[in-house]
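Read off the chains here:
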Amino acid sequence: MAMKGTSTLFDKLWSDHTVCDLENGEALLYLDRVFLHERTGAVALQSLHAAGYGVRDARHVFCTMDHIVDTFPGRGDKTLMPSGSDFILATRRETRAANVRLYDVDDADQGIVHVISPEQGLVLPGLTLVCPDSHTCTQGAIGALAWGIGSSEAEHAMATGTLRVRKPKNMRVMVNGTLRPGVTAKDLILHLIAKYGANGGAGCVVEFAGSAIQQLEVEARFTLCNMAVEFSAFTAVIAPDEKVEAYFEGKDFAPKGEHWRDAVDYWRTLRSDENAVFDIDLVVEAEQVEPAVTWGTSPEQAIGISACIPAAGDYAEAHRQEAATRALQYQGLESGNAITDIAVNAAFIGSCTNSRLSDLRAAAAVVKGRQIAPGVRGVVVPGSRRVKRAAEQEGLHRIFTDAGFEWRDSGCSMCFYAGGETFGEFQRVISTTNRNFEGRQGPNTRTHLASPETVAATAIAGSITSAEMLAKSESLSA
Amino acid sequence: MKPFISHTGVAAPLLQRNIDTDAIIPSREMKRVSKQGLGEGLFAGWRYTMPGSRELKPSFVLNKPEYEGASILLAGDNFGCGSSREHAVWALVEYGIRAVIASGFGAIFHTNCIRNGLLPVCLPEEDIRTLAQALSEDPQNRQVTIDLEQCLVRSGDLEWSFTLDEAARYMLLNGLDPIALTLQHRDLIDKYEQARRREHAWAYAPIENAVEGVLP
C-alpha cells in the first residue's frame, strides 16, 4: 500500500472500497451501485437465479432500457430489431421479480445508462459503480470508480455486492494549457488515442489532470472519460472539484442536508496527493489539439481536420500498415486526399459520448438558421428523456427539425446496429459516437467519429468540415 | 465450468491488431435472451458471404480446410477490445475455441474469458508471428499444445513460456465458480458494509429511502 501523501485518486478509491485482499493478488472490492440494461440485464438475472443465487441488495441495483429500444417518437415495446421486444419484456419481468428499479421504455426519466446515472445523482463522487457496458468509464469523470464488466461479473456483483479485481496500474494524462476555441473534449480524447494507440492505456486507470481538464465543464468530462475504453484503459477518473459539487447539488439522489455536508467533506479528499506516484505519466499540450475526425476503423485512426488521409506507408510498424490498408479499403478512401474532401451521406448526434444538453446546444448553435446539405440524412437522439425535455424547453428541437434533422426519443439508437435501424451499406456517417469499428453502425456502413460541432457543420456542408471552417467558407461566399 | 489444464489443437491465425468484440460477434447476431446459440454468429461479418447469410466465405481463415476444427486462435495485440459483450466469449467457446494467443487483450474480454474457461495466453507479437508461420504449412498435423500447469506453449520444436496472473490461473485450472468462492467471505463483506454505512451514510440514504417509496 502506498505511504501517506503519495496516493493517487485511484489508490484512495481502491483502498476505501477494499473489503479484503485475497490470497492470489486480487482484492475484493465493495460495490456501491450496479447498473443493468436490457441488452444483458435479463440474461444476467435469469442466470443468477438459475444458479441458485439472489440479489444481495436490490436497492443498489438499477436498470434502464437503452440499448435496444427504438428511438422513434411514440415508441413502445416493439422494435425494428426483430427479436428486440423479447429483450424488453424479459428485462421488465426479471427486474420486477428481483425488485430492481427499472427505467422503462415509457419512464419520464429513461435514457442511456451513462447519461441518466449522473443526471439523477445515482453515481456520486467516491462511489464504485459497475455496469455490463464498456462505456461505464464515462462515470469516472466525477470522481467515482466506475468500470465496465461482462455478464458473469454482473451476476457476481449482484450476488455478492463485490467483485474480485486485480489492481490496475496508475496512469496520469496531464493536459496542460487551454483548448483552443472550437476544440472539445471529444477532439482531445481522439487526439490522445491517435497519439498513443488504441491500447495506449492498457492495464491502467487513467487520471486526467491539468489546467485544460479543470477548465472542462462536467458534461465535457463525461465525453472525455467515455472513450477511455477505446484507449484500452480499465477506466478513467477525474478529481471532483467545485464544478462537480455544483453539478450534483439538489439532484434527485444526491445527499441532502447533513449528509450533503459529509459528502462534500469527503469528496474534497478525493484527489491525488502532491507526491502521488504514477506508473505512467503522459503529457498533452492542449494548444496542439485541433478538431479531430477518424478516417479509419479504429479510434486510433484519427487526424486533425486540416490533415490528409494517411497512406499505409506513412506508418513505421508493419501492423499499423496492415491496419491502414484494411481500413482504407473498408472506408472506401484514398490516401493523400484532405479529410475535408470526404462527402457524407448522414450525420448522427447522440450516444453516451455526446448526447447531453451541452452537446445538443453546441450542435444547435452550428445548425441554427442553416439547412442540412441536400441528400444528407441527419438524426439527433437526446441521451435521456430529461435531456430531451430540457432541449425542447430551449427550442433546440426546432432548430434541428427546421434544418432538416430528425428529432428522436432517447436511447443508444444508431451508435451500433443490433439488427434494427441502420444507415445502410456503404453509407458514410459522421457521428458523435465512440466506435468506428467495421460494421459497428451496420454491415459496410462507414463511420467517422467527431465532436457534435464538427458533425453539425459536416451535415450542413455535406462534406467533412469543422464549425470554424463552415463559418469561414460561408463568409467567403457571402 | 470446464477446467483448463492442457489443450492440444489446430491453431488458426487472425493476426491483425485491435480485433474488437463487435467483429467477434456483431450485435445483430445476439438475437436471443440467452447465453446459447451464439457460435454461429462468431465472426459473422467476416465468415459469411453476406450479412445475415450463412454461406461461408472461403477466404476466411476458419473456413479454410487446413484450419478445420481449429480450437486455438492466434491474434494480434488488443484482442477483444471494445464492447463488454460476454457474447464474444460465449460465441468463441460454443464454436469450440479453447484458447486465444495474443499479445494483449481488452480488459473486460480478458475477465470474461476467465469466467468461461477460455484461456487467454499473452505472447510477444513476433513470437505469435513465428508460430503462425511455422504452422502455416501443415496446421492439421503440426498442432499447438498449451499447458496451463507449466504455462507453456509448444509446437514442434518451438516452445514459449507465458504468464497469467495467479488468480486467473487458479480459477481456470480448477474450473471454479467465483460467486461461491466470494460468498465464503460473506462475514467480511457484511462487516465492511456495516462500517462503510456508518462512515458514509450519505452514499446510501438517498437511494434507499427513495427506492423504498417506489417499490410495492
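Each value, and the rule that gives it
Residues numbered from 1 in each chain as written. Chains lettered and ligands numbered in written order. Predicted model: local features only at pLDDT ≥ 70, side-chain atom pairs only at ≥ 80, totals over all residues. Heavy atoms only, no water. Helix = DSSP H or I, 4+ residues; strand = E, 2+ residues; numbered from the N terminus. Rg over C-alpha atoms; globule rule 2.2 N^0.38 Å. Areas by Shrake-Rupley, 256 points an atom, 1.4 Å probe, with all protein chains shown as cover. Lys, Arg positive; Asp, Glu negative; His and termini not counted. Charge placed at Lys NZ, Arg CZ, Asp CG, Glu CD. Domains from an automatic or database assignment. Buried < 20%, exposed > 50% of the residue type's maximum accessible area, 1.4 Å probe, protein only. Pairing = 2+ DSSP bridges. Expected span 1.5 Å × (residues − 1). Arc of directions from axis to C-beta. Contact = heavy atoms within 4.5 Å. Axes fitted to C-alpha atoms, helices over the stretch in contact; angles between N-to-C directions. Buried area = accessible area lost by both parts, 1.4 Å probe. Salt bridge = Lys/Arg side-chain N within 4 Å of Asp/Glu carboxyl O. Polar contact = N/O pair within 3.5 Å; in protein donor to acceptor, adjacent residues only side chain to side chain. Nonpolar A, V, L, I, M, F, W, Y, C, P; charged D, E, K, R; others polar.

Asks: How do you make sense of the overall build of chain A when you look at a structure like this?
Replies: Across its full length, chain A carries 16 helices and 19 strands. The globule rule puts the C-alpha radius of gyration for 478 residues at 23 Å, and the 22 Å found for chain A is close to it. Dimensions of chain A, computed from C-alpha atoms along their principal axes, come out at roughly 65 × 50 × 45 Å. For chain A, the exposed area adds up to about 15600 Å²; of that, 49% sits on carbon and sulfur atoms. Both charge centroids of chain A, one from 45 positive and one from 59 negative side chains, sit 3 Å from each other.

Asks: Looking at this structure, how should I read the domain arrangement of chain B?
Replies: A common way to express how large an interface is: the accessible area buried when the components associate. Taken domain by domain, chain B comprises domain 1 (6–176) and domain 2 (185–211). For domain 1 of chain B versus domain 2 of chain B, the distance between C-alpha centres works out to 41 Å.

Asks: Is there a simple way to think about the pairing of strand β18 (residues 428–431) of chain A in this case?
Replies: Successive residues of a regular strand alternate their side chains across the two faces of the sheet. Residues and elements named next belong to chain A. A two-sided burial pattern is seen for β18, the buried positions comprising R428 and I430 on one face and V429 and S431 on the other. Pairing between strand β15 (residues 346–349) and β18: three bridges, direction parallel. Its bridge partner lying in β18, F348 is registered against S431. Here four bridges tie β18 to strand β19 (residues 446–449), and the two strands are oriented parallel to one another. If you follow V429 over to β19, its bridge partner there is T447.

Asks: What's the story with helix α8 (residues 186–199) of chain B in this structure? I'm lost.
Replies: An α-helix turns once every 3.6 residues. As a result, residues three or four positions apart point the same way. The end-to-end C-alpha distance of α8(B) is 20 Å, a good match for the 20 Å that 14 residues give at a rise of 1.5 Å each. When α8(B) is considered as a whole, its buried residues turn out to be I189(B), Y192(B), E193(B) and R196(B). Around the axis of α8(B), the buried residues are gathered within 100 degrees of arc, so they sit on the same side. Away from the buried face of α8(B) by more than 90 degrees, exposed residues D187(B), K191(B) and R198(B) are located. Where α8(B) is buried, its residues meet α1 (9–16), β1 (18–21), β2 (26–30), α5 (151–160) and β8 (162–166) of chain A together with α7 (178–183) of chain B.

Asks: Just to check I follow, could you spell out the sheet that holds strand β6 (residues 144–147) of chain B for this structure?
Replies: Consider a sheet: its strands pair through backbone hydrogen bonds, and that pairing is either parallel or antiparallel. Residues and elements named next belong to chain B. Taken together, four strands build an open sheet; the order of strands is β1-β6-β7-β8 and the sheet is antiparallel. Two strands lie at the open edges of the sheet, namely β1 (6–9) and β8 (158–161), each paired on one side alone. Taken pair by pair, the neighbouring strands of this sheet meet at an average axis angle of 10 degrees, ignoring direction. When β6 meets strand β7 (residues 152–155), the two strands line up antiparallel, connected through three bridges.

Asks: Before we go on, may I ask you to explain the interface of chain B and chain A in this structure?
Replies: Taken together, the contacts link 65 residues of chain B with 80 residues of chain A. For the chain B and chain A pair, buried surface summed over both sides reaches about 6000 Å², with 59% attributable to carbon and sulfur atoms. At the surface where chain B touches chain A, the tally comes to ten salt bridges. Residue E208(B) is joined to R59(A) by a salt bridge in which the shortest nitrogen-to-oxygen separation is 3.6 Å. Summed over the shared surface of chain B and chain A, the number is 32 residue pairs in polar contact (both at pLDDT 80 or more). Grouping the amino acids of the side of chain B that touches chain A by side-chain chemistry returns 27 nonpolar, 15 polar and 23 charged.

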